[in-house]
Amino acid sequence: MTGIELEQAAALITGALAPLGTQTLPVPDALGYTLDADVTAPLDQPPFDRSPLDGYALRAADIASASRERPVRLRVVETVYAGGVPLLPLTAGAAARIMTGAMLPAGCDCVLRQEDTDQGDPVVSIYKPLRPYENYVNLGEDYRSGTVLLPAGTRLDAAAVGLLSSAGVCQVPVRRRPRVFVLSTGDEVVYPHVHPLPPGKIYGSNLNLLLARLSELGIPETGGEHAGDDPQAVAEAMERLLGCCDALITTGGVSVGDKDIFHQALPLLGAETVFWRLNVKPGTPALYSTRRGKPILSLSGNPFAAAATFELLARPMLCALSGEERLLPQRRSARLDTAFSKASPCRRFLRGRWQDGRVSLPEGHSSGQLASLVGCNCLVDLPAGTGPLEPGRLVEVLLL
Ligand SMILES: Nc1nc2c(c(=O)[nH]1)N[C@H]1C(S)=C(S)[C@@H](COP(=O)(O)OP(=O)(O)OC[C@H]3O[C@@H](n4cnc5c(N)ncnc54)[C@H](O)[C@@H]3O)O[C@H]1N2
Ligand code: MOO
């Protein structure tokens, strides 16, 4: 298929992909991941009745008449520290010295803070009455054993990581994120260790840009390499990389030039082309194929085209593979703060800076320019047939 609309292209990619399933991660590493099953509490939290104060565990009935003028005197029978266990049940006329977080002795029904006593030992004077169960934390106050702590579909934030830890849960089932490799191509592209830059060559930006973007999106297992313009070598590199990833993203070599080698490399690889060329600028020559069901997204070599079509096509692909909706860019309306002088006969995406419903455009819009992309946080989506734009115009943006 060639010359298709963006939404059709995204649907062709996502329609044939299914979530990769579940992986089990240690709780601290699962931050940001999405639970793939309910997690139920294996215990009550707190697991025992406990004191919320440093003071005295006692029986409310014993101190009903207590005041500073007429203190009630109780025998201090033991001291219980957090982490310890009371040895004696509390009987009438007795109190236990107790610390915050310590297990309450059987028989007590309240805790008086030490500031309302004389802190005497072995006899303490009590200056204040309490109601039964005042300052008394019940077992299971936070949650009871067997309740669903976090339902499937929850994205784990710091509080969720803490909650799981409080329940003694070490590992959780989460939606598996894809392993993604990036292959950049082109005989003109060299990397910063080549110095000085030979004539006719450029330093490659796309490999590191795409890997950095994957990392920003929380895709942990990525890797990448560069290949030249030999179709056979590129096909071999793709074959090797596909053996250890769930999706391959390539950049460069997809247009119509003599060295746009993917048109030869993909048949050599035995990949099936699903579509080539979008009715979108930049990134028109994007090409999508699969090899034994594994997705291969081949983006233009122009840096901004690669960056933009990554947002438009790779993110739906990553969402379909992981089942994580958060990977889709959010759409918003915004007022343009900057003019844009060109007409857009074809649907066009511009880089922009969005804030509080307004969007400004940097200088430098061509798909080969990267400097102006720094600090941008959205793509402005201009429908085909849009004329030049004046400030104040309402536009749609995709947040990156
Ligand atoms: N006759 C035509 N020529 C072109 C057409 C067309 O329709 N007819 N389409 C143009 C459009 S639009 C684009 S976009 C580019 C896309 O070309 P490719 O995707 O095949 O990419 P390359 O030719 O390999 O590279 C384009 C450009 O980007 C530079 N590049 C490549 N890789 C990297 C990298 N890793 N880091 C930084 N820069 C890179 C490369 O040197 C080129 O300057 O085709 C137009 N031509
Ligand atoms: O589709 Mo290309 O990125 O506009 O120059």
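Along every chain, residues carry numbers that run from 1 in the direction the sequence is written. Whichever chain is written first becomes A and whichever ligand is written first becomes 1, with later ones labelled in order. Reporting of local features is limited, given that this is a predicted model, to residues whose pLDDT is at least 70; pairs of side-chain atoms are given and counted only at 80 or more, and all residues count toward the totals for whole chains, interfaces and linings. Water and hydrogen atoms were dropped before computing side-chain values, which therefore reflect all heavy atoms in the structure.

Caption draft 1: Quick peek at the UniProt feature "domain: MoaB/Mog" (unreviewed entry) in the protein chain. Per the UniProt record, "domain: MoaB/Mog" (unreviewed entry) is found at residues 181-320. Put simply, DSSP marks the helices as runs of H or I at least four residues long and the strands as runs of E at least two long, and each gets a number from the N terminus on. When the span residues 181-320 is considered, its composition is 35% helix and 29% strand, and the gap between its end C-alpha atoms is 17 Å. UniProt positions are given in the numbering used here, feature names are shortened, and annotations may be inferred rather than shown by experiment.

Caption draft 2: Structural context of the packing of aromatic side chains. Here is the rule: rings of Phe, Tyr and Trp (six-membered ring for Trp) pair when centre to centre is within 6.5 Å. Planes less than 30 degrees apart are stacked, more than 60 are edge-to-face, and the remainder are tilted. This structure, assessed with the given rule, holds two aromatic pairs. When the centroid spacing of 4.8 Å and the interplanar angle of 75° are considered together, the rings of Tyr-133 and Tyr-136 count as edge-to-face. Residues Phe-275 and Tyr-288 carry aromatic rings whose centres are separated by 5.7 Å and whose planes lie at 25° to one another, so their mutual orientation is stacked. Note that Phe-275 is positioned in strand 16 (residues 272-278) and Tyr-288 in strand 18 (residues 287-291), a separation of 13 residues in sequence. Two thresholds decide whether a charge sits over a ring: the Lys NZ or Arg CZ must be within 6 Å of the ring centre and within 35 degrees of the ring normal. Over the face of the ring belonging to Tyr-33 we find Arg-177, whose NZ or CZ atom lies 3.7 Å from the ring centre. Looking at Arg-277, its charged tip hangs above the ring of Trp-276, at a distance of 5.5 Å from the centre.

Caption draft 3: Structural view of the state of the cysteines. Here, two cysteine sulfur atoms that lie within 2.5 Å of each other are counted as a disulfide. One pass over the full model with this rule turns up zero disulfides. Take Cys-245: it sits in no disulfide, and the sulfur closest to it among the cysteines is that of Cys-244, at 6.0 Å. The class of Cys-245 is buried, set by a relative accessible area of 0%. Burial classes: relative accessible area under 20% of the type maximum marks a residue as buried, over 50% as exposed, and values in between as partly exposed (1.4 Å probe, protein chains only).

Caption draft 4: Geometry of the domain arrangement of the protein chain. Residue ranges assigned to the domains are those given by an automatic or database domain assignment. As far as domains go, the protein chain holds domain 1 (2-21 + 177-327), domain 2 (23-42 + 150-175), domain 3 (55-126) and domain 4 (330-399). On a C-alpha basis, the centres of domain 2 and domain 3 stand 39 Å from each other.

Caption draft 5: Layout of a nonpolar patch on the surface. Patch rule: a residue counts if its relative accessible area is over 30% and it has no salt bridge; like charges are joined within 9 Å, and nonpolar side chains (Val, Leu, Ile, Met, Phe, Trp, Tyr) within 5 Å. Areas reported here follow the Shrake-Rupley algorithm with a probe of radius 1.4 Å; residue values treat only the protein chains shown as occluding. Put simply, a salt bridge is a Lys or Arg side-chain nitrogen that is within 4 Å of an Asp or Glu carboxyl oxygen. A contiguous nonpolar surface patch, about 280 Å² in accessible area, is contributed by Val-77, Leu-87 and Leu-88. Its place among the elements puts Leu-87 in the loop between strand 5 (72-80) and strand 6 (94-98). You can call Leu-87 exposed: its relative accessible area is 73%.

Caption draft 6: Layout of the side chain of Thr-250. Along the chain, Thr-250 falls in strand 15 (residues 247-251). Classification of Thr-250 as buried rests on a relative accessible area of 0%. Any two residues whose heavy atoms approach within 4.5 Å are treated as being in contact. Thr-250 has contacts with Leu-183, Met-238, Phe-262, Ile-296, Leu-297, Ser-298 and Leu-299, leaving out every residue within four places of it along the chain.

Caption draft 7: Fine view of the nonpolar core. In this description, a nonpolar core means a group of buried Ala, Val, Leu, Ile, Met, Phe, Trp, Tyr and Cys residues linked to one another through side-chain atoms lying within 4.5 Å. Grouped together as the largest cluster of nonpolar side chains are 43 residues, with contacts concentrated most on Ile-249, Leu-297, Phe-310, Leu-313 and Met-317. Where this core is concerned, the elements lending two or more residues are helix 1 (6-15), strand 11 (180-185), helix 3 (206-216), strand 15, strand 16, strand 19 (294-299) and helix 6 (303-322). Here the element with the most residues in this core is helix 6; it accounts for 13 residues. Structurally, this core is a two-domain feature, drawing no fewer than three residues from each of domain 1 (2-21 + 177-327) and domain 4 (330-399).

Caption draft 8: Representation of the site of ligand 1 in the model. The local shell around ligand 1 holds 19 residues, among which Glu-188, Ser-205, Val-254, Ser-255 and Asp-260 are the closest. Think of a polar contact as two N or O atoms within 3.5 Å of one another; within protein, one of them needs to be a possible hydrogen donor and the other a possible acceptor, and neighboring residues in sequence only count if both atoms come from side chains. Interatomic distance of 3.0 Å between a backbone N/O atom of Gly-253 and an oxygen atom of ligand 1. With respect to ligand 1, the side chain of Asp-260 contributes an N or O atom lying 2.9 Å from an oxygen atom. Contact with the protein chains removes 68% of the 860 Å² of surface that ligand 1 exposes when unbound. A per-class count over the shell around ligand 1 returns six nonpolar, 10 polar and three charged. In this text, near means that some heavy atom of the residue lies within 4 Å of the molecule or strand in question. As a working rule, the residues Ala, Val, Leu, Ile, Met, Phe, Trp, Tyr, Cys and Pro are called nonpolar, Asp, Glu, Lys and Arg charged, and the rest polar, with Gly in that last group.

Caption draft 9: Up close: helix 5 (residues 262-269). Of the residues making up helix 5, those classed as buried are Phe-262, Ala-265, Leu-266 and Leu-269. Summarising the axial view, the buried residues of helix 5 lie within an arc of 100°, below the 170-degree limit, and thus occupy one face. On its buried face, helix 5 is in contact with strand 11, helix 4 (231-242), strand 15, strand 16, strand 18 and strand 19. Throughout, the arc means the angular range of directions from the helix axis out to the C-beta atoms.

Caption draft 10: Structural view of the site of ligand 2. Taken together, Lys-281, Pro-282, Gly-283, Thr-284, Pro-285, Asn-302, Ala-305 and Ser-367 make up all the residues around ligand 2. Between ligand 2 and Thr-284, the relevant distance is 2.8 Å, taken from an oxygen atom to a main-chain nitrogen or oxygen of the residue. Contact distances for ligand 2 include 3.4 Å between an oxygen atom and a side-chain N or O atom of Asn-302. Broken down by class, the residue content of the shell around ligand 2 amounts to three nonpolar, four polar and one charged.

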